[in-house]
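# Summary of the model geometry
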Amino acid sequence: MSTKLHDYDYHLPEELIGQTPREPRDHAKLLLVNRDTKTIEDKYFYDILDYLQKGDVLVRNSTKVIPARLYGQKETGGILEVLLVKRKDLDTWECLLKPAKKLKLGQKIYIGPNSELVAELLEIQEDGNRILKFSYEGSFEENLDRLGTMPLPPYIVEKLEDQEMYQTVYAKRGESVAAPTAGLHFTEELLQKIQEKGIEIVDIYLEVGLGTFRPVQTEDVLDHKMHEELFEIPEEAAQKINQAKAEGRRIISVGTTTTRALESSVDENGILLAQKKNTGIFIYPGYQFQIVDALITNFHLPKSTLLMLVSAFSEREFILEIYQHAVEEKYHFFSFGDAMFIY
């Protein structure tokens, strides 16, 4: 087991960073990875139906991404970008500002053609994030839907024509500022076929934060401090997963966010607890998975905690070989990239 950051690095040609989603969604490439036989196969995502078995439980993060990026003006006319990070209370948000130093305490940002949203700077945090209090007419959510845009990651430079492409087809509720991207490959039709085959679909929630893109900056990965995210595992979801585990059926996790939520909520007897709380779980090689038996995931950034989680699910050397294969076969990487199914 390596805890050295440079052991989780790989070379990725820039042109392989997915800039737009595959169309249709389930026509993304799929790399099948058998952990036992150490074999891989190149498929398409819709082929996953052939590798799911009756009785499997597919667990997905049904959080909703909000249009968290806003643009506004100071009274002096300077333009500022506001990125909502986390809601503190009804009208107060932790935010990232660009350029951050242009706004002083007590100053306001006017957002929208008629200043439908007005944000006042209340506090500057130690980490550089700002606390803004919003005032508005009507509903904050309606104003946000009208004025905000999807908070695409910094490595996606092309404009997104349809905002819904950065939303899973099954998103229900929540205030995520990044998508649970492994779920972007599912279509309504594919989900219908999965259910018809006798696979149970279970919804949990984890509000994905910007920390998911934060690079690890310590050479010893154990010195890295994980960001915290709010998750919820409903009672019904916990019951279905526990029953499946007791009966020896597979729990298939859609994405690293689902995996982190599930593995954060297990008691000492291996029972999944229904609860709502924050998790800062850091999964890296050597971790023993207690709930998740198979993983659907995208291809992650070099030196990232997500790559470490995937390496924990198999073996670091094998995962890096797989990534090299994906580069050679011109798979797309990151949020709008292609997928792997590790089983």
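Each chain carries its own residue numbering, running from 1 in the direction its sequence is written. Two thresholds apply to this predicted model, a pLDDT of at least 70 for residue-level local features and 80 or more for giving and counting side-chain atom pairs, whereas whole-chain, interface and lining totals are computed over all residues. In computing side-chain values, all of the structure's heavy atoms are included and hydrogens and water are not.

### Examining the sheet that holds strand β5 (residues 69-73)
With respect to topology, six strands assemble into a closed barrel ordered β5-β6-β7-β10-β9-β8, the strand pairing being antiparallel. Across the sheet, the axes of successive neighbouring strands diverge by a mean angle of 45°, strand direction being ignored. Note on pairing: two strands pair once DSSP finds at least 2 bridges between them. Helix and strand definitions here come from DSSP, where helices need a minimum of 4 consecutive H or I residues and strands a minimum of 2 consecutive E residues; each element is numbered from the N-terminal end. Across four bridges, strand β7 (residues 92-98) lies against strand β10 (residues 130-136) in antiparallel orientation. Opposite threonine 92, over in β10, you have lysine 133 as the bridge partner. What makes two residues a contact is simply this: any of their non-hydrogen atoms within 4.5 Å. Axis lines are fitted to C-alpha atoms, over the contacting stretch for helices. Their N-to-C directions set the angle, which ranges from 0 to 180 degrees. With respect to the sheet, helix α1 (residues 140-147) is in contact with β5, β6 (79-89), β7, β8 (108-111), β9 (117-124) and β10, its orientation differing from that of β6 by roughly 145°.

### Some points on the pattern of salt bridges
By definition, a salt bridge exists where a carboxyl oxygen of Asp or Glu is found within 4 Å of a side-chain nitrogen of Lys or Arg. Under the definition given, this model contains 17 salt bridges. As a salt-bridge pair, aspartate 338 and arginine 22 come within 2.9 Å of each other at their nearest N and O atoms. Of this pair, aspartate 338 sits in the loop between α6 (316-328) and β17 (339-342) while arginine 22 sits in the segment before β1 (29-34), and the two are 316 residues apart along the sequence. Relative accessibility under 20% of the residue-type maximum defines a buried residue, over 50% an exposed one, and the middle range a partly exposed one, all with a 1.4 Å probe and only protein chains included. In this structure aspartate 338 comes out as buried when scored by relative accessible area, which is 0%. The partner of glutamate 315 in a salt bridge is lysine 38, and the shortest N-O contact between them spans 3.5 Å. One end of the pair, glutamate 315, is in the loop between α5 (305-313) and α6; the other, lysine 38, is in the loop between β1 and β2 (39-44), and 277 residues separate them in sequence. Given a relative accessible area of 37%, lysine 38 falls into the partly exposed group. Through salt bridges with shared partners, one network takes in Arg60, Lys172 and Asp203.

### Observations concerning the sheet that holds strand β15 (residues 275-279)
Note on sheets: strands pair through backbone hydrogen bonds, and any given pair is parallel or antiparallel. With respect to topology, nine strands assemble into an open sheet ordered β2-β1-β17-β16-β14-β3-β12-β13-β15, the strand pairing being mixed. Edge positions in the open sheet fall to β2 and β15, since each of these has one partner strand only. On average, each strand axis in the sheet is tilted by 20° relative to the strand beside it, whichever way the strands run. Here strand β14 (residues 251-254) pairs with strand β16 (residues 294-298) via three bridges, running parallel. Paired with isoleucine 252 across the bridge in β16 is alanine 294.

### Re the side chain of threonine 305
Looking at the element boundaries, threonine 305 is found in helix α5. Not counting the four nearest positions on each side in its chain, threonine 305 is found in contact with Val216, His224, Met226, Phe282 and Ile283.

### Details of the pairing of β8
Where burial is concerned, the two faces of β8 differ: the one with Ile109 and Ile111 is buried and the one with Lys108 and Tyr110 is not. Inspection of the sheet shows β5 paired to β8 by two bridges, in the antiparallel sense. Residue pairing for β8: glutamine 73 is matched across the bridge by tyrosine 110. Note that β8 and β9 share four bridges and pair antiparallel. Among the inter-strand pairings, isoleucine 109 is bridged to a residue of β9, identified as alanine 119. Between β8 and β9, which follow one another and run antiparallel, lie five residues, and glycine 112 among them has a positive phi close to 100°.

### A few points about the domain arrangement of the protein chain
Domain annotation for the protein chain reports domain 1 (5-65 + 162-342) and domain 2 (69-149). Note that the domain bounds reflect an automated or database-derived domain assignment. One C-alpha centre belongs to domain 1, the other to domain 2, and the line joining them spans 32 Å. With five residues of domain 1 in contact, the opposing surface of domain 2 contributes ten residues. Buried area, as used here, totals the accessible surface that two parts lose on assembly, with accessibility defined by a 1.4 Å probe and the loss added over both. Counting each side, the surface lost to burial between domain 1 and domain 2 is near 500 Å², with a carbon and sulfur contribution of 55%.

### Some words on helix α4 (residues 256-263)
For α4, a buried count of eight out of eight residues is recorded, marking the element as mostly surrounded by other parts of the structure. Along α4, the residues classified as buried are Thr256, Thr257, Thr258, Thr259, Arg260, Ala261, Leu262 and Glu263.

### A look at the nonpolar core
The nonpolar side chains of soluble globular proteins are, as a tendency, buried together. Core analysis: the largest hydrophobic core is formed by 66 residues, its most contacted members being Tyr166, Ile241, Leu262, Phe333 and Met340. If you tally residues by element for this core, the top one is α6, at seven residues. Not counting residues up to four positions away in its chain, the partners in contact with isoleucine 241 are Val57, Val59, Val202, Ile251, Leu262, Leu272 and Ile291. Buried Ala, Val, Leu, Ile, Met, Phe, Trp, Tyr and Cys residues form a nonpolar core when they are joined through side-chain atoms within 4.5 Å.

### A look at the layout of surface pockets
With a 1 Å grid spanning the protein atoms alone, the term cavity applies to any set of points in which a 1.4 Å probe fits but cannot get out, the term pocket to an open set with protein on both sides within 12 Å along at least five of seven lines, and the term lining residue to any residue with an atom within 4 Å of a point. Grid points are joined across faces, edges and corners, and a volume is the space filled by probe spheres set on the points. By volume, the largest pocket is sized at about 1200 Å³. As for the largest pocket, its lining consists of 43 residues, of which Leu83, Val85, Leu96, Gly209 and Leu210 are closest to the centre. Of all the elements in the fold, those that place two or more residues in the lining of the largest pocket are β5, β6, β7 and β13 (229-233). Only Asp, Glu, Lys and Arg are considered charged in this grouping, and only Ala, Val, Leu, Ile, Met, Phe, Trp, Tyr, Cys and Pro are considered nonpolar; every other residue, Gly among them, is considered polar. Of the residues assigned to the lining of the largest pocket, the class counts are 20 nonpolar, eight polar and 15 charged. Mapped onto the domain boundaries, the lining of the largest pocket takes at least three residues apiece from domain 1 (5-65 + 162-342) and domain 2 (69-149). Estimated volume of the second largest pocket: approximately 270 Å³. Forming the boundary of the second largest pocket are 17 residues, of which Lys64, Val65, Ile66, Pro67 and Asp145 lie nearest the centre. When residues of the lining of the second largest pocket are traced back to their parent elements, those giving at least two are β4 (63-65), α1 and β11 (173-176). Residue classes in the lining of the second largest pocket are distributed as seven nonpolar, four polar and six charged.

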